[in-house]
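# Inside the fold
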Amino acid sequence: MLNAKITGTGSYLPKKIVTNKDFEATLDTSDEWIYARTGIRKRHVIAEDESASSMAEIAANKAIQAAGINASDIDLIIVGTSSPDRVFPSTACLLQNKLGARGCASFDVQAACSGFIYALGIANQFIRAGGAKKALVIGTEANSRILDYSDRSTCVIFGDGAGAVVIEASEEPGILSTHMHSDGQYQDLLYINNPIKDQKQWGDEAYMTMHGNDVYKVAVKTLSRIVDETLEANNMAKSDVDWLIPHQANIRIIASVAKKLNMPMEKVVLTIENQGNTSAASVPLALDQAVRDGRIKKGDTVLMEAFGGGFVWGSALVKM
Ligand SMILES: CC(C)(COP(=O)(O)OP(=O)(O)OC[C@H]1O[C@@H](n2cnc3c(N)ncnc32)[C@H](O)[C@@H]1OP(=O)(O)O)[C@@H](O)C(=O)NCCC(=O)NCCS
């Protein structure tokens, strides 16, 4: 059976930066509180003429260039996003048109902050089963469009951006395993109502709501379990992992997963301080940064993990 290998990465961050200090003018908050509780100092916010698909396009083109292929070679596009341009067509379909990758399959995955890991898992299965040869997998989020900027418990946490990978069928080892889970009993701890009008069941307010402290506790336990599950599935020891690329939700959650892996923080790719939580985009943004600055090299073993509203969580163990 063929493997699915990451052959190119790319990312995009909007130009505008909002610092913790900027929030002090409008909210009862402080740089000290935000940094101490989350590890975040600033985040990027999209311009009026940008969107999930426009950010995805820039990230995708960089990944395509890095892979040395053409957009027309792509036969599958999967986008993880919770802040799509439209309910439908999917952001993947809008992206396909922008890239000129006519005719290939394209769809979105809604798995909140785990959207990229889910998309990667699905694309991996497609390639291994022979259903695709060159896939584009993206996480892109226009979180600023779904935040209530008067709610200090959410708006200071999230940022905008996009990350992309090209994965291709290969004889070499690539994605070693992916793991996906969910537990809908936690649906009221982190959610956004549907903006479709007259939703009597849920209400009309379509902003992110998060009970952060409850989310935190489940996230720490769950992510620790998925580290074990991933290593066991591959018959690997903690010391076999070269890099951890965690979802960038909270520096304290990240540190607890690193501790579980006995991994020094220098081996954890961190973007949270400068990017905040970019939901489905955070893992591919961090991956691209570490590939481009030379930290992650060909042959390295990388563990990626994410956790988000649902709850949904997942991991991927990847030989680069
Ligand atoms: C969101 C998070 C940073 C909040 O930190 P926390 O230590 O849990 O803080 P709490 O929610 O218990 O709130 C403590 C107090 O700070 C206040 N507070 C919340 N946001 C604040 C802010 N931006 N500035 C100042 N105070 C704030 C709360 O209102 C609360 O005040 P009270 O005690 O008077 O009620 C943290 O819970 C977290 O990171 N959770 C996990 C997020 C996550 O992983 N999401 C899943 C993936 S998207």
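Located above this text is the structure these notes cover.
As a starting point, this report considers the structure included with it.

Parameters and conventions
- Residues numbered from 1 in each chain as written.
- Predicted model: local features only at pLDDT ≥ 70, side-chain atom pairs only at ≥ 80, totals over all residues.
- Pairing = 2+ DSSP bridges.
- Helix = DSSP H or I, 4+ residues; strand = E, 2+ residues; numbered from the N terminus.
- Axes fitted to C-alpha atoms, helices over the stretch in contact; angles between N-to-C directions.
- Contact = placed C-beta atoms within 7 Å.
- Near = placed C-beta within 6 Å.
- Nonpolar A, V, L, I, M, F, W, Y, C, P; charged D, E, K, R; others polar.
- Core = buried A, V, L, I, M, F, W, Y, C linked by C-beta atoms within 7 Å.
- Buried ≥ 20, exposed ≤ 12 C-beta atoms within 10 Å, placed from the backbone.
- Domains from an automatic or database assignment.

## Section: the sheet that holds strand β6 (residues 134-141)
Strand order across the open sheet formed by five strands is β1-β7-β6-β4-β5, with mixed pairing between neighbours. Looking at strand neighbours, the two that pair on one side only are β1 (3-12) and β5 (105-109), the edges of this open sheet. Direction aside, the axes of adjacent strands within the sheet are offset by 20° on average. Taken together, the eight bridges between β6 and strand β7 (residues 161-170) define a ladder with antiparallel strand orientation. Bridge assignment links Lys134 to a residue of β7, and that residue is Glu168. Lying on the sheet, helix α5 (residues 115-128) is in contact with β1, β4 (76-80), β5, β6 and β7; it crosses β4 at an angle near 160°. Across the sheet, helix α9 (residues 282-292) lies against β1, β6 and β7, angled at about 90° from β1, the strand it touches most.

## So, the site of the ligand
Neighbouring residues of the ligand: 22 residues in total, closest Thr29, Gly212, Asn213, Ala249 and Asn250. Among the elements that take part in the shell around the ligand, helix α6 (residues 212-233) stands out by supplying five residues, more than any other. In terms of residue class, the shell around the ligand is built from twelve nonpolar, eight polar and two charged.

## Some points on the nonpolar core
In terms of nonpolar packing, the biggest core is built from 98 residues, with Ile78, Ala123, Ala135 and Val137 touching the most fellow members. For this core, the element with the most residues is α5, which contributes nine residues. Looking at which domains feed residues into this core, each of domain 1 (3-172) and domain 2 (176-319) supplies at least three. Leaving out residues up to four positions away in the same chain, Val137 has contacts with Ile78, Phe116, Ala119, Leu120, Ala123, Val165 and Ile167.

## What about the pairing of strand β11 (residues 243-246)?
Residues of β11 alternate between two faces, with Trp243 and Ile245 on one and Leu244 and Pro246 on the opposite face, all of them buried. Sheet topology note: the β11/strand β12 (residues 301-308) ladder contains four bridges and is parallel. Each residue of the ladder has a partner; that of Pro246, found in β12, is Glu305.

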